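Spelled out, the chains give:
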Amino acid sequence: MSKTSHNAHKVHNNLKADKINNVLITISNAVNATSDLDDLYKYIHNSLSEIVDTTNFLVGIYNNKEDSITYPYYIDEKGDTYNKIQNVSKSSIIAAEVIRRKKPFFINKAQVQERLKRLNQKHIGEPCEQWLGVPLKIEEDVIGVMVVQSYNDPELYDEKDAEILLTVSNQVALSIESKRKEKARKQSQARIKTLYEISNAVNTTFNLEDLYSSIHTSLSRIIHVKNFFIAIYSNNTDSVVFPYKVDQFETDLSEAFSEIKDMKNSKSLTSKVIRTGKPLFLINDDIKGRGKQSKSWLGVPLKIKDEIIGVMATQSYENSDAYSPEDVDTFSSVSDQVALAIDRKRKEEEVNLLNEELENKVIERTAQLEEAQKKALDNAHKAGMAEIATGTIHNVGNILNSVKVSSQIIFDLLKTNSSFIGLEKVDKLLGENISHIDEFLLTPKAASLMKYFHKICISYTDAKVRIDEHLERLGKGIENIEEVITAQQSYTGYFALREDLNTRIIEDALTIQQGTIEKYRIDVIKEFENIPKVSIQKTKLIHILINLIKNAKDAMLQVSDDQRKLFISLNGNDKAIYLKIRDIGEGIPKENLTKIFNHGFTTKKDGHGYGLHSCANYMTEMGGKMIAQSDGPGKGATIILEFPLKK
């Protein structure tokens, strides 16, 4: 017997029960004494060395769902590595025998060789003189295997060692399971925090590039992402671009992460994830991608519902064990939130781009109007000015149509009416006989002339009445044009110009919108009371009123045109002044009463959601607020402009 074997047997023979108990207590306490599973495995290894030789020691963890064994911890003096074992229930490896039997397995070199011969298999790794393994069980469920082995001494272990390992195996299993649950709990908490950070990053980042960086930082808390990239897939072009990539070795990533076209025929790992729509986890020689060869590669699809919008991947160039099946689950579990965040940010940037284009168009159009009108006003709201100008042109146009009709009628009466032609004939005949008018008046011809003159006088009287009517209409039309133009001109000043709120501003808004009011046959009912003085910016208020009148008109389009009513009231108390605009139109659902003032919110097919939002902002700037009231769909709506009184 060798010296080593003799010492081992001596330990076995003299080992007392209390020493084993101490080891059991130590392993039990290891759950709280260690920071993670790696530390726990080392702690268990060191503790077991007090009662059995653990020069060559390993822990295998069994995954019942996958029917696989992984080796998170092993110490081997020959440098053997222990890779993942699949199909354990059918595997011929000795560790699988321990798991299937749920009993210790003690075998020597000769027995191993005989077994391999019987199974017609070759030995993997360095042959050992002795191999001793015991199952790690929680009640009757096997969660793994614990193994010691000897490469040099064929008598290092005996049945008593098997009994000792079996005695402590349950406590080892309990400690490992407890630590795994603790790790799972921490991972779950970290995952929840990461999901929250990724979701919140949409609101805290300025653009997509910042969002990608924020996602990368958040993911680093739950998984190794030293080498990481996000790929965005376009189904229309069947291509992938890499807007975000970080690599520990590569500085110029343009070649390694250049655009991939024709994804259907691409052999890249990214394309495989997109085609299958499933996570892809590869190690060592199974990895064949672009750029530097990695030892471990993990990629997951980014999906919005069932649509794949890209891929998120991480890799390790140094360690084939950098990722575990748990990491695959963790990476996959956050992928949907990452996809949602990216999609939301992309849409936000698209909206911002559209807003910027719209703003540029407004600026361009405003410049054209300023040049045409030669009255550039730096602080005037372009949309409001355009609305006032449009209303003015429309109203003046309507009045001019009336003026034109009256003018044509007067012209036709003066040119074609028989009374005017007859008067010319009478005047001519009298002129020819003016030198002997006394004699002429006594002639029969003069008598006929008097009858004719009486007849044309009657016709002339009728024509004069009509001419007078149309002259009055002409005067009224010209007066109306002056009123409209005066109203428009009074609101081409600066927004900062303030004055006291008065009914004239309301009347001006109605005058500017008179064409719309008449076209849609809207009956305007006004209820104005005397109010205390309150300062407003009249240009902003006229803009608000024009918007509200238009909205009221739109809301009443489904109402019979002889029933459309618009109520405008002005009153107040000792706290505030209230200007109310009420229609009898389609009404507002309860859930939209506050939303209608939000930027971009609209229920109109061709709406943009800016009108009421800008109106609400103007009210805030004037120190007031805007309130919407409605009893629901079909019951009309009231918009209240509240102007607090200064104490």
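In this report, the structure presented in the accompanying data block is examined. (Residues numbered from 1 in each chain as written. Predicted model: local features only at pLDDT ≥ 70, side-chain atom pairs only at ≥ 80, totals over all residues. Heavy atoms only, no water.)

### Description of helix H4 (residues 94-101)
Reasoning step 1: With six of its eight residues buried, H4 lies for the most part within the structure.
Reasoning step 2: Looking only at H4, the buried set comprises Ile94, Ala95, Ala96, Glu97, Val98 and Ile99.
Reasoning step 3: In the core, the buried residues of H4 are packed alongside strand E1 (57-63), strand E2 (68-75), strand E3 (105-108), helix H5 (109-119), strand E4 (130-138) and strand E5 (141-150).
Reasoning step 4: Following H4 by one or two positions, lysine 102 has its phi on the positive side, about 60 degrees. (Buried < 20%, exposed > 50% of the residue type's maximum accessible area, 1.4 Å probe, protein only. Helix = DSSP H or I, 4+ residues; strand = E, 2+ residues; numbered from the N terminus. Contact = heavy atoms within 4.5 Å.)

### Thoughts on the side chain of asparagine 227
Reasoning step 1: If you trace the backbone, asparagine 227 turns up in strand E6 (residues 227-234).
Reasoning step 2: For asparagine 227, a relative accessible area of 1% corresponds to the buried category.

### Some words on the sheet that holds E6
For sheets, the rule is that strands pair by backbone hydrogen bonds, running either parallel or antiparallel.
Reasoning step 1: Judged by pairing direction, the sheet is antiparallel, and its five strands sit side by side in the order E7-E6-E10-E9-E8 without closing on themselves. The open sheet terminates on both sides in strands that have one partner only, identified here as strand E7 (239-246) and strand E8 (280-283). Averaged over all neighbouring strand pairs, the angle between strand axes comes to 20 degrees, with direction disregarded.
Reasoning step 2: Pairing of E6 with E7 involves six bridges; the strand directions are antiparallel. By the bridge assignment, tyrosine 233 is partnered in E7 with valine 240.
Reasoning step 3: Against the sheet, helix H7 (residues 208-219) touches E6, E7 and strand E10 (307-316), its axis set at about 60 degrees to E7.
Reasoning step 4: Lying on the sheet, helix H8 (residues 269-276) is in contact with E6, E7, E8, strand E9 (296-304) and E10; it crosses E9 at an angle near 40 degrees. (Pairing = 2+ DSSP bridges. Axes fitted to C-alpha atoms, helices over the stretch in contact; angles between N-to-C directions.)

### Regarding the sheet that holds strand E14 (residues 565-572)
Reasoning step 1: Here five strands make up an open sheet; going across it, the order is E12-E14-E15-E17-E16 and the pairing mixed. Either end of the sheet is taken by a strand with one partner, and the two such strands are strand E12 (523-528) and strand E16 (625-629). Strand-to-strand twist in this sheet, taken as the mean axis angle between neighbours without regard to direction, amounts to 15 degrees.
Reasoning step 2: Sheet topology note: the E14/strand E15 (residues 576-583) ladder contains seven bridges and is antiparallel. Paired with leucine 566 across the two strands is aspartate 583, which belongs to E15.
Reasoning step 3: Most of the contacts of helix H14 (residues 503-512) go to E12, to which it runs at about 175 degrees, and overall it touches E12, E14 and E15.

### Regarding the nonpolar core
Reasoning step 1: Counting 43 residues, the largest nonpolar core has Leu541, Ile544, Leu545, Leu579, Met626, Leu641 and Phe643 as its most contacted members.
Reasoning step 2: Of all elements in the fold, only H14, helix H16 (538-555), E14, E15, helix H17 (611-621), E16 and strand E17 (637-644) reach the threshold of two or more residues within this core.
Reasoning step 3: Counting 31 residues, the second-largest nonpolar core is a separate cluster that includes Leu136, Tyr157, Ala162 and Val168. (Core = buried A, V, L, I, M, F, W, Y, C linked by side-chain atoms within 4.5 Å.)

### Structural notes on the pattern of salt bridges
Reasoning step 1: This structure, assessed with the given rule, holds 18 salt bridges.
Reasoning step 2: Residue arginine 118 pairs with glutamate 114 through a salt bridge whose shortest N-O separation is 3.8 Å. Here arginine 118 and its partner glutamate 114 are both found in helix H5, four residues apart, which amounts to about one turn of the helix.
Reasoning step 3: Residue classification places glutamate 114 among the partly exposed residues on the basis of a relative accessible area of 46%.
Reasoning step 4: Ionic pairing is found between glutamate 621 and lysine 540, a salt bridge with its closest N-O pair at 2.4 Å. Placement of glutamate 621 in helix H17 and of lysine 540 in helix H16 is noted, with a sequence separation of 81 residues between them.
Reasoning step 5: Residue classification places glutamate 621 among the partly exposed residues on the basis of a relative accessible area of 47%.
Reasoning step 6: Look at lysine 540 and you get buried, because its relative accessible area is 9%. (Salt bridge = Lys/Arg side-chain N within 4 Å of Asp/Glu carboxyl O.)

### Some words on the pairing of E15
The side chains of a regular strand alternate between the sheet's two faces.
Reasoning step 1: The element E15 is largely enclosed, with a buried count of six among its eight residues.
Reasoning step 2: In this structure, the hairpin formed by E14 and E15 is closed by a connection of three residues.
Reasoning step 3: As judged from the eight bridges shared by E15 and E17, these two strands associate in the antiparallel manner. Residue pairing across strands places leucine 579 opposite leucine 641, the latter belonging to E17.

### Structural notes on the environment of glutamate 349
Reasoning step 1: By the secondary structure assignment, glutamate 349 is in helix H9 (residues 325-373).
Reasoning step 2: C-alpha separation for the pair glutamate 349 and asparagine 207, spaced 142 residues apart in sequence, amounts to 7.2 Å.
Reasoning step 3: Residues within four places of glutamate 349 in sequence aside, it is in contact with Asn207 and Leu208.

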